[in-house]
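Chain by chain, the residues run as shown.
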Amino acid sequence: MNTTEIGYNSKIEGNVVHTRIDNAVSWFRKNSIWPMPMGLACCGIELMAAGASRYDISRFGSEVMRFSPRQSDVMIVAGTVTYKMAIAVRRIYEQMPEPKWVIAMGACASSGGMYRSYATLQGVDRILPVDVYVSGCPPRPEALLEALMKLQDKISKELHIKDKKPARDRGLVLS
Amino acid sequence: MAELKNIEISDSAVRSAEALDELQDLQGEKMTLNMGPSHPATHGVLRLSLELDGEIISKADPEIGYLHRGDEKIAENMTYNQFIPYTDRLDYLAPLANNVAYALAVEKLLGVDDKLPERCKFIRVICCELARVSAHLLGLGAFAMDVGALTVFLHTFNEREKIYNLIEALTGARFTTTYTRIGGLSRDLPEGWTEELSKFTKEVSEAIEEADKLLTRNKIFIDRTKGVGVITREEAIDFGLTGPNLRGSNIEYDLRKAHPYLVYDQLDFDIPYGEVGDCYDRYLIRMEEMRQSVRILDQCIAKLPNGPVNLDDGKIVMPHKQKVLSSMEELIHQFMLVTQGQNAPAGEVYFGAENPKGELGFYIFSKGGGVPHRMKIRAPSFVNLSILSHKLPGHMMSDIVAILGSLDFVMGECDR
Amino acid sequence: MTAKQLAKKIQSQFKEITSDPVEFRDELTIDIADAKQISVVCHFAKEHLDFDYLVDLCSIDNDDETPRWTVVYHIYSYKHFKHLRLKVHVSEEDSKLPTVTNVWRTANWHEREVFDMMGIDFIGHPDLRRILMWEGYPYHPLRKDFPLAGKSSDMPDVAFTDPVPLEGGPFVTSPGNKDSADREPRVRNPE
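What you see is a predicted model, and the numbers here were worked out from it, not measured in a lab.

Q: Tell me about the environment of B:Cys120, and please be specific about residues and values.
A: Residue and element names in this part refer to chain B. The residue Cys-120 is located in helix α5 (residues 118-146) in this model. Look at Cys-120 and you get buried, because its relative accessible area is 0%. Between the C-alpha atoms of Cys-120 and Leu-262, which are 142 residues apart in sequence, the distance is 8.9 Å.

Q: Before we move on, could you go through the pattern of salt bridges and cite the residues and values that matter?
A: Counted by the stated rule, this structure contains 54 salt bridges over all chains. The partner of A:Arg140 in a salt bridge is B:Glu168, with the nearest N and O atoms 2.4 Å apart. Of this pair, A:Arg140 sits in the loop between β4 (132-134) and α5 (141-157) while B:Glu168 sits in helix α6 (residues 150-171), on two different chains. In this structure A:Arg140 comes out as partly exposed when scored by relative accessible area, which is 30%. Owing to a relative accessible area of 25%, B:Glu168 belongs among the partly exposed residues under this scheme.

Q: Could you give an account of the interface of chain B and chain C, naming the residues involved and the relevant values?
A: In this complex, chain B contributes 54 residues to the contact, which on the side of chain C involves 52 residues. Here chain B and chain C share an interface that buries about 4600 Å² over both sides, 54% of which is from carbon and sulfur atoms. Area buried by chain B at its contact with chain C is led by B:Lys73, B:Asp238 and B:Glu348, which between them contribute 14% of it. One can count 11 salt bridges joining chain B with chain C.

Q: Account for the interface of chain B and chain A, with residues named and values stated.
A: By a frequent convention, interface size equals the accessible area lost on bringing the separate parts together. Counting from both sides, the interface comprises 35 residues of chain B and, opposite them, 31 residues of chain A. A buried area of about 2900 Å², summed over both sides, lies between chain B and chain A, and 64% of it is on carbon and sulfur atoms. Where chain B meets chain A, there are four salt bridges. A salt bridge links B:Glu161 to A:Arg54, with the shortest nitrogen-to-oxygen separation between them at 3.9 Å. On the surface where chain B and chain A come into contact, there are 12 residue pairs in polar contact (both at pLDDT 80 or more). Taken together, the elements giving at least two residues each to the side of chain B that touches chain A come down to α2 (71-75), α3 (84-88) and α6 of chain B. In terms of residue count, the dominant contributor to the side of chain B that touches chain A is α6(B) (10 residues). Across the side of chain B that touches chain A, the residue classes break down as 17 nonpolar, eight polar and 10 charged.

Q: A description of the packing of helix α1 (residues 3-13) of chain C against helix α2 (residues 38-49) of chain C should follow, citing residues and the corresponding values.
A: All names here are of chain C. Packing of α1 against α2 leaves a shortest axis separation of 11 Å and a crossing angle of 130°. Considered as vectors, α1 and α2 are oriented oblique to each other. In this structure, the crossing between α1 and α2 has a hand that is right-handed. Counted together, Leu-6, Lys-9, Ile-10 and Gln-13 of α1 and Val-41, Phe-44, Ala-45 and Leu-49 of α2 form the full contact between these two elements.

Q: Give a detailed account of the sheet that holds strand β1 (residues 22-24) of chain C, specifying residues and quantitative values.
A: Hydrogen bonds along the backbone pair up the strands of a sheet, which may run parallel or antiparallel. Residue and element names in this part refer to chain C. Strand order in this open sheet of five strands is β1-β2-β5-β4-β3, and the pairing throughout is mixed. A strand with exactly one partner marks an edge of an open sheet, and here the two such strands are β1 and β3 (53-61). The average angle at which neighbouring strand axes cross in this sheet is 25°, direction not considered. Sheet topology note: the β1/strand β2 (residues 27-32) ladder contains three bridges and is antiparallel. Residue pairing for β2: Phe-24 is matched across the bridge by Glu-27. Contacting β3 and β4 (69-77), helix α3 (residues 107-118) runs over the sheet at an angle of about 10° to β3.

Q: Could you give me a rundown of the state of the cysteines, with the residues and numbers involved?
A: Taken as a whole and assessed by the stated rule, the structure comprises zero disulfides over all chains. You can see A:Cys42 has no disulfide; the closest cysteine sulfur is in A:Cys43, sitting 6.2 Å from it.

Conventions and cut-offs
- Every chain is numbered on its own, with residues counted from 1 as its sequence reads.
- Written order determines the labels here, with chains lettered from A and ligands numbered from 1.
- Reporting in this predicted model follows two pLDDT cut-offs: at least 70 for local features of residues, and 80 or more for side-chain atom pairs to be given and counted; totals over whole chains, interfaces and linings ignore these cut-offs and use all residues.
- Only hydrogens and water are removed before side-chain values are computed, so all heavy atoms of the structure are retained for them.
- Helix numbering and strand numbering both begin at the N terminus, where a helix is a DSSP run of H or I of at least 4 residues and a strand a DSSP run of E of at least 2.
- The buried label applies to any residue whose accessible area, calculated with a 1.4 Å probe on protein chains only, is under 20% of its type's maximum; exposed applies above 50%, and partly exposed to all values in between.
- Only one rule defines a salt bridge in this text: a Lys or Arg side-chain nitrogen within 4 Å of an Asp or Glu carboxyl oxygen.
- Residue contacts are defined here by distance: any two heavy atoms, one from each residue, within 4.5 Å place the two residues in contact.
- Buried area is understood as the total, over both parts, of accessible area removed when two parts are fitted together, assessed with a 1.4 Å probe.
- In protein, a polar contact requires one atom able to donate a hydrogen and another able to accept it; more generally it is a pair of N or O atoms within 3.5 Å, and residues adjacent in sequence count only if both atoms are side-chain atoms.
- Gly falls in the polar group here, along with every residue not listed as nonpolar (Ala, Val, Leu, Ile, Met, Phe, Trp, Tyr, Cys, Pro) or charged (Asp, Glu, Lys, Arg).
- In this analysis an axis means a line fitted to C-alpha atoms, helices contributing only their contacting stretch, and an angle means the value between N-to-C directions, from 0 to 180 degrees.
- Here roughly perpendicular refers to angles of 65 to 115 degrees, roughly parallel to angles under 35, roughly antiparallel to angles over 145, and oblique to all remaining angles.
- The crossing is said to be left-handed when, going from far helix to near helix, the turn is anticlockwise and less than a right angle, and right-handed when the turn is clockwise.
- Should DSSP find at least two bridges between two strands, the strands are regarded as paired.
- Our working definition of a disulfide is a cysteine sulfur pair at a distance within 2.5 Å.

That is the geometry; function is a separate question.
Structure below.
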């Protein structure tokens, strides 16, 4: 068996990419964020519009709307969260596997919005950690896509290896 | 054209009843199943507590209120104009129609509903019908998606985007429109808008026929809907159903014909109504209503008169900004409207409008002044859903999505 | 038959307890003095005058006036195409009246809503539970003495509520001659 191929081989140049495992994992992750569409109110319609033909969320790898929390990565809270719904939202969030993210879509989910009343939770961030807030009542589908890109940026900077230390700090990379 | 073949399909309710007979001796323990509040077929946050006997529902208890935001309480703390944005978010599939219904209710209280300028009335009819088409398109798409035909949803959403473009040009927002004001509209039609609208009516007619081809004679769709969820005439009236759900049960009643408001008495349109009252009938009615709405839109474009869109009454409609800055009287009117609102007389009115989902009514109890003492919103979805606990038992588990889709409800309106 | 004739028929049937019909904006309202009789009146209206459709049922909190509650019934006849409004008054001590679910089944959810939002009981209702708020919520939010901002409550594993901050916007307006700081009270953040 010939073992000299380990060194430089001009035949496979361009077909092999060297990268760090962290970067590779974030690249995989950020291009297939499956949403859990928590369509609660009006924003849910814009969420549907973002998924439908014109705005086509699948360009960002997020067309796989999973109504089962166990199969999803990002929860898009679209709409007014009432106190009656709050525990259910929280329960669904807890059923999502790690790593998981949350987008608060619209004024109601971000802050309670125009519903300052006895029945409305004043922002979903009181019960969940939110990664991206989208303004608007409701936000346009473009705004949701922008939020998705923001989240992709965030994911690409996250560290995924167990001890959460950059490779540089662990002395594995020289330069 | 070749003659269409009549397709005979046995009644699926009968089939499930037969299945029930066969299962009698196999019946064992009943299972409790919780459907929702986050479930794709519940169109929002409806929750159903079901008791199942095998696949057959023996008890259903709808649980609502997951989107109760306190609209009626908020209304008591606001002047009449300030509440208009909240009406957008009742039936958020047809905000323009809600705006119109609310404005008409308050105008009835103020006693000016018959003094509105003609142009305003025509534009409001256009708003209502545009909203009806857009709501039915979504209702239809979601219904078809629930019973397994995703394609229709993508087609209808394409048309909805065109409606959104029109609405955006008209009001500045895609669907939280806040377009009407008490005594008029926030602005007149933009230039060239009616041409765009007539272009759209042609396109949407084609799209409706396309959806019709995809569904109306589709074997799977017919199988899932025909004979399922039959609501009899008596049940429909007893449970207070309104809109397409009422008309599906062989009752020819539409507020636009029975108690014409705006200019519906000058327009030529038909009211479709069903025979059996099953899911398929309700589907057919929505299809036909869209065609009729397109007809109304075309007539409105042809008949649209020129003139002002707002009532000429400084105590009700906000004066033009230019005049506020230059004239004392208008300045006072503007100040009074902003600080106190319209000075409504003491009294009570109920106004119901034929919305896409049914009769949307506003009951306003006023003790005088700019704020209602009590405002009750009679939401069609709330009433239409109350039939579920009566209707679902006896059906198969998989029929639930068909029945829910055909009832076409919106939780924002149901819970308020 | 006109709405007036229908109203007259109800009035002649129940002379002692009904008032003259009041007309406002072409709508007729009949006051019924004895709340206990409401189901009888409704039954008569449905069976003999064809008022087969209960459009709406709601309640009004009269605040500091007595009697405190008013329950309003909007009824409609598909035969005559006419609306009619019936009103009964219920005192705060009493806070109960007979149900009309046996007349129109649609009254079921409407009455549950009135019970939930105002706390008025309906005697004979088959399933009187809260409908919009959850079972165990301690208040009745549409009462006038309940603030828009809400009150705190907590039911572990079911739901919790907190009073809402009203700062930063005119979420409440009470018109009048007072200045805007009084008319639009906002909870301001301490400076």
